[in-house]
Amino acid sequence: MSAHIATDRAANRLGSLFMIAAMAGFAVEDAFLKAAARDLPIAQVMVLFGGGGAMVFALWLRAKGQALAPKAVLSRPMQVRVFFEIIGRLFFTLSLALTPLSSTTVILQATPLVVVAFAALVLGERVGWRRWLAIVIGLAGVVLVVRPGGDSFSVMSLLAVIGMLGFAGRDLASRAAPASLSTAVLGLYGFLAIVLAGALYGGLWERQSFHTPPPMALLAVLAAVACGVFAYSALMKAMRTGEVSAVTPFRYSRLLFGVGLGVVVFGEALDQMMILGSVLIVMSGFVILWRGRSAQG
C-alpha cells in the first residue's frame, strides 16, 4: 500500500513539473508573439504562427499514421469549438500585441471560472453556492484588472476579456467533442483556426499587406511555434502522468511566468489593483478546483 502511495506521489510530482514546464512554454510563446507583432502586421503574425503550428501537428499525425481529417472533425461540437477558438485566438493575440503582457496573462487565468459558469448555465451541470461565490469573486478580480470607469481604463483592455471568453467557449465545446479525436487532431485544427482568424482580421479590418519578415521577427514567430508545440506536448504529458486534481492547480504558474516576462522583458509596471485582482482570480480558481474535487458543489 505504501509503495502504491509512493508511486502515486512520484507520478503527481512529475506531472506537476510537466504542467509548470507547459505554462512556462505558453508564457514564453506569448512573449515571442508580442515581440513579433512589433515588426509585422498582427494578421501576418497569426497566419505564420498558426501555419507553423498546424504543419508541426500535421507531420505529427502523419508520423503516427493518423488521418488529418477524420469525419468527426465536421461534427457540430467541433464546429462550435473552432468558432470559439477563432474568437479566443484573435482577441487574445490582439491583446498581446496592443496591451501589457502582464494584464493579458492575469485576465486569461479567469478562463476556468467562466468554463464552470457556462457549464452550469448551458449544460446544466450542478454548481453549488460556494462555487458560484468563487466565480463572482474571481470575476470581480477581472474587473479590478480591467478597471472600467477608472482613469487608467482603456477599451483595449477588453480585448483580453473577449479572448478569455472565447477560450472558455472552446474549452466547453471540447467537452462535447467526439472522443475519437486525438489531442494531436485538436491541436491541428486549433492552429488552423489561428490561420483563419488572422486571415479574417487582415482582410476585414487591419488590411495591411504582408511583407517579408525581418530576420528577428521571423525568428520570434518560429520560436513561438516551437514553444507552443513544446507547451502543448508538456500539457498533455502532465494530464496523463499525474492525477488531474493534483496537477491542474499548477496551471496558475503561467501567471507568474507571464507577469514576470512582462515586467522584466517589456518593462511593464504592476500596481496594487492588478496584484489584488490576480490574487482574487487565483484564489477563486483554487476554490473551484477544490469544490469540484470534493464533488459537493
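All figures in this text were calculated on a predicted structure; none of them were measured in a lab. (Residues numbered from 1 in each chain as written. Predicted model: local features only at pLDDT ≥ 70, side-chain atom pairs only at ≥ 80, totals over all residues. Heavy atoms only, no water.)

## Quick look at the packing of aromatic side chains
Under the defined criterion, the tally for this structure stands at seven aromatic pairs. Ring centres of Phe 57 and Phe 191 lie 5.7 Å apart, and the angle between their planes is 35°; this geometry places the pair in the tilted category. Of the two residues, Phe 57 is situated in helix α2 (residues 42-63) and Phe 191 in helix α8 (residues 183-206); the sequence distance between them amounts to 134 residues. We classify Phe 191 as buried; its relative accessible area is 6%. (Phe/Tyr/Trp six-rings, centres within 6.5 Å; stacked < 30°, edge-to-face > 60°. Helix = DSSP H or I, 4+ residues; strand = E, 2+ residues; numbered from the N terminus. Buried < 20%, exposed > 50% of the residue type's maximum accessible area, 1.4 Å probe, protein only.)

## Here's the deal with the nonpolar core
If you look at soluble globular proteins, the nonpolar side chains tend to sit buried side by side. The biggest cluster of nonpolar side chains holds 56 residues, and the ones touching the most others in it are Phe 49, Phe 57, Leu 181, Leu 188 and Leu 235. Among the secondary structure elements, those contributing two or more residues to this core are α1 (2-36), α2, α3 (76-98), α4 (101-108), α7 (158-176), α8 and α9 (215-241). Among the elements that line this core, the one with the most residues is α9, at 12 residues. Core analysis: the next-biggest nonpolar cluster, separate from the first, contains 28 residues, Leu 113, Val 114, Ala 134 and Val 161 among them. (Core = buried A, V, L, I, M, F, W, Y, C linked by side-chain atoms within 4.5 Å.)

## Quick look at the packing of α4 against helix α6 (residues 129-146)
At a minimum axis distance of 10 Å, the contact between α4 and α6 shows a crossing angle of 165°. It follows that α4 is roughly antiparallel to α6 by the angle criterion. In the crossing of α4 with α6, the sense of the turn from one axis to the other is left-handed. Of the residues in α6, those in contact with Ser 103, Val 106 and Ile 107 of α4 are Val 142, Val 145 and Val 146. Along the lines of polarity and charge, the residues of the contact of α4 with α6 split into five nonpolar, one polar and no charged. (Axes fitted to C-alpha atoms, helices over the stretch in contact; angles between N-to-C directions. Parallel < 35°, antiparallel > 145°, perpendicular 65-115°, else oblique. Left-handed = near helix turned anticlockwise from the far one by under 90°. Contact = heavy atoms within 4.5 Å. Nonpolar A, V, L, I, M, F, W, Y, C, P; charged D, E, K, R; others polar.)

## A few points about the side chain of Thr 99
By the element assignment, Thr 99 lies in the loop between α3 and α4. What Thr 99 contacts, discounting residues up to four positions off in sequence, is Lys 34, Leu 94, Thr 104, Met 156 and Ser 157.

## Remarks on a nonpolar patch on the surface
Together, Val 263, Val 264, Val 265, Leu 270, Ile 275, Val 279 and Met 283 line one region of the surface with nonpolar side chains, adding up to about 610 Å² of accessible area. Counting only elements with at least two residues in the nonpolar patch, the list comes to α11 (253-264) and α12 (272-294). Looking at the nonpolar patch element by element, the count peaks at three residues for α12. Here Ile 275 lies in helix α12. For Ile 275, a relative accessible area of 45% gives the class partly exposed. (Patch = residues over 30% accessible without salt bridge, like charges linked within 9 Å, V, L, I, M, F, W, Y side chains within 5 Å. Areas by Shrake-Rupley, 256 points an atom, 1.4 Å probe, with all protein chains shown as cover. Salt bridge = Lys/Arg side-chain N within 4 Å of Asp/Glu carboxyl O.)

## Quick notes on α4
Across the eight residues of α4, eight count as buried, placing the element largely inside the fold. Inspection of α4 places Leu 101, Ser 102, Ser 103, Thr 104, Thr 105, Val 106, Ile 107 and Leu 108 among the buried residues, and these make up the whole buried set.

## Here's the deal with the pattern of salt bridges
If you walk through the whole model with that rule in mind, you get six salt bridges. As a salt-bridge pair, Glu 85 and Arg 81 come within 3.6 Å of each other at their nearest N and O atoms. Separated by four residues within a single helix, Glu 85 and Arg 81 lie in helix α3, roughly one turn from each other. Arg 81 carries the same exposure label as Glu 85, and that label is buried. A salt bridge links Arg 89 to Glu 85; its shortest N-O distance comes to 3.3 Å. Within this pair, Arg 89 and its partner Glu 85 are both found in helix α3, separated by four residues, close to a single helical turn. According to the relative accessible area criterion, Arg 89 is buried, its value standing at 14%. Each of the salt bridges in this network shares a partner with another, and the network as a whole consists of Glu 29, Arg 81, Glu 85, Arg 89, Arg 170 and Asp 171.

That's the geometry; what it means functionally is another story.
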